[in-house]
Amino acid sequence: MKILVCISKTPDTTAKIAFTDNNTKFAQDGVQWIINPYDEWYALVRAIELKEKDPSIVLHLVTVGAADAEPIIRKALALGGDEAIRINADSHDSFYIASQIAEVARQGAYDLVFTGKETIDYNGSSIGGMVAELLDLPYVSLAIKFDLNGNTATITREIEGGEEVCEVQLPVAVSCQKGMAEQRIPNMKGIMGARTKPLKVVEPVPVEALTSIVGFELPPAKAGVKLVPADNPAELVRLLHEEAKVI
Amino acid sequence: MSVLIFIDQAEGHIRKASLEALSYGAKVAAQLGTSAEGIVLGTVTEDLPALGKYGVKKIHQVSNEILNHFDAQVFANVIAQAVTGTGATVVIFSNNVDGKAIAPRVSARLKAGLVSGAVALPDTSNGFVVKKNVFSGKAFAKIALSTPVKIISLNPNSYKIETGEGNAEVVAFNATVDAPKVKVTAVNKVTGEVPLSEAEVVVSGGRGLKGPENWGMIEDLAHVLGAATACSRPVADVHWRPHHEHVGQTGLAIAPNLYIAIGISGAIQHLAGVNRSKVIVVINKDPEAPFFKAADYGIVGDAFEVVPKLIEAAKKLKGVA
Ligand SMILES: Cc1cc2nc3c(=O)[nH]c(=O)nc-3n(C[C@H](O)[C@H](O)[C@H](O)COP(=O)(O)OP(=O)(O)OC[C@H]3O[C@@H](n4cnc5c(N)ncnc54)[C@H](O)[C@@H]3O)c2cc1C
Ligand SMILES: Nc1ncnc2c1ncn2[C@@H]1O[C@H](COP(=O)(O)O)[C@@H](O)[C@H]1O
């Protein structure tokens, strides 16, 4: 059994969002980078738990990124996993990234591909579905629970206004969110061990990007809060009804 | 050349998000000087021709029992056939649970550029550029699409539904429908409540409410306003409220018309999930709570005193006893 977990790097959740070069580039100065929370807390930790239960599982991590993604993938290895693959390319096009991941997944013949629900910077929620399509695999999105029984996965996923439990034969691609696992803190042993785990760098396959970013914009600043006295909530109701027209 | 809009249905009912997608798609078609058509999969109990009032002239329907249950792989395959069969050059999805699962598959299958989470009409003055949400609502990116077929997945609650006159012609579309590889064994729907992702008004509580036993007033206020309930992450983490109510960076991102935050500090990770709300109301006893900076209206006060009075005032407005 082989599992591939897709790891992306994102700015820390408290990072200041600003742009340079005439609003065409994200301002990286002083930004702390983290493992995308969905990839770390849910996809990776659940995969590690599966391996803890069945040590014969081979767990690989993959990231599409330039050399500056290495600290992030090492951090992920400190949590768990046998080896990491970095595909040496820098792109924000979902199809380009998905095609690279699909190529690695195909060559490694993985039974299970985990992605996070979405990246918290580009918010595509696209790569999991694209990888699934490129590999012609079933896709279970927004998984909140995942169990393996031999070659059958039992997955609970979010649907509009509820949940659904489903069964699928491997191989399958799954996008993971809250509920899959509990966040873990890497320990000293993991951090030391990660230094000696293999990190393979592979060159990308040629793929045409389908989209390009023209520029960024910040939302208009709020006009400021209108405060209503605490003893007069009726005034708030009036404002919401007559002024804001939302109730 | 036409605009094809995916009409998402569940148990025969068209989702509200799809009505937004239809209105949006009709507008895109008008902008491009072409026609808007819909595609619906499975059996629908609602009046399909009546969807003409959202601006579609024609609706393609693939009536196959397999399609009465959603499956990303099966649906994407059928929609890709419809795109090719109808000669559509722009395809619109709603960026909801189903849309997020199929739009990327259709994109990869047809090598058609995808913008997911679009918040505005495309700018066609110079190419085809679509504005989308990035950095969890903290910014927008403008994305250029240059592929022959372009796919837009529209964020729910970001385009106002417009209606006009007219009926749509419903035509059968013949597609090859595969058997799904994913077998659904149980469905648990939260019934009787407004689904959070579709709600126009959301009442949300945080750690300031002290304990799950105090959520009665949150539910009462939500009930009077026809709202859905939500909560901050720590509240779901300690199981005061179910996980599906957790909004924010790591929970659900919502964009209702009105978001009422009660006893929530307004941490940046919380704001990331709610900052697309049109109007934000904050009730917090701490005047320094960061949430006030993101709010449109606010009350500095103790929730346990303010909320019961708010419920009374809302009841009066709605004419309920
Ligand atoms: C990577 C990461 C991701 C995260 N993702 C999320 C996320 O998705 N969603 C999320 O919500 N959080 C998230 N968090 C946590 C976030 O940083 C905050 O810790 C959390 O939002 C705080 O929740 P809270 O406002 O309910 O509680 P607190 O911060 O404890 O605030 C309680 C508030 O209630 C007020 N209060 C107390 N008593 C009363 C009263 N009687 N009447 C009125 N007001 C009162 C207080 O003044 C205070 O402002 C994330 C954190 C990290 C690091
Ligand atoms: N550059 C990348 N390298 C590896 N995996 C990625 C990359 N970008 C995104 N992913 C994976 O795809 C998921 C969805 O990303 P997105 O479609 O961009 O929102 C993420 O949670 C990751 O698991």
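Residues numbered from 1 in each chain as written. Chains lettered and ligands numbered in written order. Predicted model: local features only at pLDDT ≥ 70, side-chain atom pairs only at ≥ 80, totals over all residues. Heavy atoms only, no water.

So, about the overall build of chain A. The secondary structure content of chain A amounts to six helices and 15 strands. Along the first, second and third principal axes, the C-alpha set of chain A runs to 65 × 45 × 40 Å. Long-range contacts, defined as pairs at least 24 residues apart, comprise 69% of the intrachain contacts of chain A with a sequence gap of at least 6. About 10600 Å² of surface is accessible on chain A, with carbon and sulfur atoms providing 52% of the total. (Helix = DSSP H or I, 4+ residues; strand = E, 2+ residues; numbered from the N terminus. Contact = heavy atoms within 4.5 Å. Areas by Shrake-Rupley, 256 points an atom, 1.4 Å probe, with all protein chains shown as cover.)

We now examine the overall build of chain B. In terms of helices and strands, chain B carries eight helices and 17 strands. Here chain B has a C-alpha radius of gyration of 21 Å; the compact-globule value for 321 residues is 20 Å, and the two agree. Taking all 321 residues of chain B together, 59% fall into the buried category. For chain B, restricting intrachain contacts to residue pairs at least 6 apart in sequence, the fraction spanning at least 24 positions comes to 65%. Just so you have it, chain B exposes about 12300 Å², and 52% of that area is on carbon and sulfur atoms. (Rg over C-alpha atoms; globule rule 2.2 N^0.38 Å. Buried < 20%, exposed > 50% of the residue type's maximum accessible area, 1.4 Å probe, protein only.)

Residues and elements named next belong to chain A. Near ligand 2 lie 18 residues; those nearest to it are D39, V64, T119, S125 and S126. One of the side-chain nitrogen or oxygen atoms of D39 is found 2.5 Å away from an oxygen atom of ligand 2. Contact distances for ligand 2 include 2.7 Å between an oxygen atom and a backbone N or O atom of S125. Protein contact buries 94% of the 480 Å² of open area that ligand 2 shows by itself. Sorting the residues of the shell around ligand 2 by element identifies strand 6 (58-64), helix 3 (94-108) and strand 8 (112-116) as the ones contributing at least two each. If one sorts the elements of the shell around ligand 2 by residue count, strand 6 sits on top with three residues. When the residues that make up the shell around ligand 2 are grouped by side-chain class, the tally is seven nonpolar, nine polar and two charged. (Near = heavy atom within 4 Å. Polar contact = N/O pair within 3.5 Å; in protein donor to acceptor, adjacent residues only side chain to side chain. Nonpolar A, V, L, I, M, F, W, Y, C, P; charged D, E, K, R; others polar.)

This paragraph deals with helix 3 of chain A. Given 3.6 residues per turn, any residue in an α-helix points the same way as the ones three and four places further on. Residues and elements named next belong to chain A. The end-to-end C-alpha separation of helix 3 is 21 Å, in line with the 21 Å expected for 15 residues at 1.5 Å each. Here helix 3 lies mainly inside the structure; twelve of its 15 residues are buried. Considered for burial, the residues of helix 3 that qualify are S94, F95, Y96, I97, A98, S99, Q100, I101, A102, V104, A105 and G108. (Expected span 1.5 Å × (residues − 1).)

Ligand 1 sits among 28 residues. The nearest are B:R207, B:S232, B:S265, B:Q269 and B:H270. At ligand 1, the nearby residues belong to more than one chain, namely chains A and B. Within the contact set of ligand 1, a nitrogen atom lies 3.0 Å away from a side-chain nitrogen or oxygen of B:D302. Burial of ligand 1 by the protein chains amounts to 81% of its free accessible area of 990 Å². Broken down by secondary-structure element, the contributors of at least two residues to the shell around ligand 1 are helix 5 (233-237), helix 6 (268-274) and helix 8 (303-318) of chain B. Per-class residue counts for the shell around ligand 1 are seven nonpolar, 15 polar and six charged.

The next thing to look at is the pairing of strand 8 of chain A. When a strand is regular, its side chains alternate between the sheet's two faces. Residue and element names in this part refer to chain A. Most of strand 8 is tucked away: five of the five residues are buried. Across the two faces of strand 8 the burial is the same, with L112, F114 and G116 and V113 and T115 all buried. The pairing of strand 1 (residues 2-6) with strand 8 spans three bridges and is classified as parallel. Pairing of L4 across the sheet is with V113, part of strand 8. (Pairing = 2+ DSSP bridges.)

Residue and element names in this part refer to chain A. You can see H60 is positioned in strand 6. With a relative accessible area of 10%, H60 lands in the buried category. With sequence-adjacent residues up to four places away left out, H60 is seen in contact with K2, I3, L4, V5, D82, E83, I85 and Y110.

With that out of the way, let us pick up the packing of aromatic side chains. On inspection of all chains with the given rule, the structure shows 16 aromatic pairs over all chains. Ring geometry for A:F114 and A:F146: centres 5.1 Å apart, planes at 90 degrees, overall edge-to-face. Of the two residues, A:F114 sits in strand 8 while A:F146 sits in strand 9 (residues 139-149), which places them 32 residues apart along the sequence. Owing to a relative accessible area of 0%, A:F114 belongs among the buried residues under this scheme. Since its relative accessible area comes to 2%, A:F146 is described here as buried. Put simply, the rings of A:F19, A:F26, A:W33, A:Y122, A:F216 and B:F135 pair up and form one aromatic cluster. The residue whose ring lies beneath B:K131 is B:F140, and the NZ or CZ to ring-centre distance is 4.7 Å. The positively charged end of B:K150 is found above the aromatic ring belonging to B:F128, 5.4 Å away from the centroid. (Phe/Tyr/Trp six-rings, centres within 6.5 Å; stacked < 30°, edge-to-face > 60°. Lys NZ or Arg CZ within 6 Å of the ring centre and 35° of its normal.)

Looking now at the nonpolar core. Within the largest apolar cluster, 54 residues are counted, with the highest numbers of intra-cluster contacts made by B:F93 and B:I102. Counting 42 residues, the second largest nonpolar core, distinct from the first, contains A:I17, A:V31, B:L22 and B:L51. (Core = buried A, V, L, I, M, F, W, Y, C linked by side-chain atoms within 4.5 Å.)

Right, let's talk about the environment of A:R46 for a bit. Residues and elements named next belong to chain A. Structurally, R46 is set in helix 1 (residues 37-53). Residue class for R46 comes out buried when judged on its relative accessible area of 12%. Sequence separation between R46 and V237 is 191 residues; the distance between their C-alpha atoms is 45 Å. Each residue touching R46, except ones within four places of it in the same chain, is listed here: F114, F146, D147, M180 and A181. Reaching out from R46, the side chain makes a polar contact with the side chain of E49 at a distance of 2.5 Å. At 3.2 Å, the side chain of R46 and the side chain of D147 are in polar contact.

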